[in-house]
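Chain by chain, the residues run as shown.
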Amino acid sequence: MKPQVTDRFDKDADLADVVHSVRENGYAIVENVLPHETVDALLGEMESWIEATPFGPDAFAGQRTKRTGSLVARSATGRELITHPLCMDVARELLKSSTEFQLSQTQLISAYPGSVAQKMHKDELIWDFFPFAADHHVMCQFFWALTDFTEENGATRMVPGSNALSPDEVGHEDSVPAEMPKGSVLIFNGKVVHGGGHNRTDAVRQGLILSYCSGWVRQEENQYLVAPPELARTFPEDLLKVIGYQQGCFAMGYAGDIEEPMDVLFGRKAATPIVPSEATRNAANATAREWSQDVVDRTV
């Protein structure tokens, strides 16, 4: 399979053209979306967390690569980026077979010098290798370049048009590096074959993955531990809905007594609280004891 020319767009490109490339080619690169000041602010907010992150435990995660998560809790700039119009518009269009979509994962990837090439793979396989239909997209990802991405520093390698192929059917010669300047974004679906490249330079390559998924599948990163209710209440509602504090796909994700999560989170209606009070726990325990005793009385 001969590599095709990488599809590239400027930040003012037509949304339909970008989405078409993501559907058919598997990915699209939109250049110079973020000003460098925004990228630098994000890296500054995440610097201490990156330093504390250990290198990966194996070749796939990258033994010279750090993967730092929990962006929702750790970075104000990151929270703004999660609801960036480009992310929202492309994800909404690609995942429109689902009534709602949600944030699945945040991961700031720092590939240090010597970080080796990753095994080619498809990210959609995280859902226990479930065989989604060829025309059903359940995942949309945005890899923001926080430094320049070049072939020399290990830019992600993409296999154009590989949606219907197995990773075993393609080789390195079929892939192309997703080279892009700082502030650009690589958008790709969950079906395209890809893998991180080999960093042969003496500098760290850094990028931020923001992954979105349909509202009826489990998120890869547990956003409710990252942003528990006491923290979530400090966030704007558009962000809360994206990270999962909403009902998706009819009744998926309701809270309390079959109520809208946002209503329970903010106490808008009388409802079972997400975190019960001591009195509520005592009452629930008393009811459980009474029920258990009743069962005993009726069986003796």
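Residues numbered from 1 in each chain as written. Predicted model: local features only at pLDDT ≥ 70, side-chain atom pairs only at ≥ 80, totals over all residues. Heavy atoms only, no water.

Peer 1: Break down the layout of surface pockets for me, citing the residues and quoting the values.
Peer 2: In this model, the largest pocket occupies a volume close to 590 Å³. Lining the largest pocket are 31 residues; nearest its centre among them are F60, R67, Q118, H121 and D123. Counting residues per element, the lining of the largest pocket draws most heavily on strand β4 (residues 101–111), at four residues. Taken together, the residues of the lining of the largest pocket break down into 13 nonpolar, 13 polar and five charged. As a volume, the second largest pocket reaches approximately 240 Å³. Of all the elements in the fold, those that place two or more residues in the lining of the second largest pocket are β4 and α6 (223–226). Considering only residue class, the lining of the second largest pocket consists of five nonpolar, 10 polar and three charged. (1 Å grid on protein atoms, 1.4 Å probe; cavity = no way out; pocket = protein on both sides within 12 Å on 5 of 7 lines; lining within 4 Å. Points joined across faces, edges and corners; volume = space filled by probe spheres on them. Helix = DSSP H or I, 4+ residues; strand = E, 2+ residues; numbered from the N terminus. Nonpolar A, V, L, I, M, F, W, Y, C, P; charged D, E, K, R; others polar.)

Peer 1: Tell me what's going on with the sheet that holds strand β8 (residues 185–189), and back it up with residues and numbers.
Peer 2: The strand order β1-β2-β8-β5-β10-β4-β3 describes an open sheet built from seven strands, whose pairing is mixed. Only two strands of the sheet have a single neighbouring strand rather than two, namely β1 (8–10) and β3 (65–68). Shown here is a sheet whose adjacent strand axes are inclined to one another by a mean of 25°, direction ignored. Strand direction decides the pairing type here: β1 and strand β2 (residues 27–31), joined by three bridges, are parallel. The residue bridging F9 from the neighbouring strand is V30, located in β2. Most of the contacts of helix α1 (residues 15–24) go to β2, to which it runs at about 145°, and overall it touches β1, β2 and β8. Together, β2, β4, β5 (139–145), β8 and β10 (205–214) form the strand contacts of helix α5 (residues 85–94), whose direction differs from that of β5 by roughly 155°. (Pairing = 2+ DSSP bridges. Axes fitted to C-alpha atoms, helices over the stretch in contact; angles between N-to-C directions. Contact = heavy atoms within 4.5 Å.)

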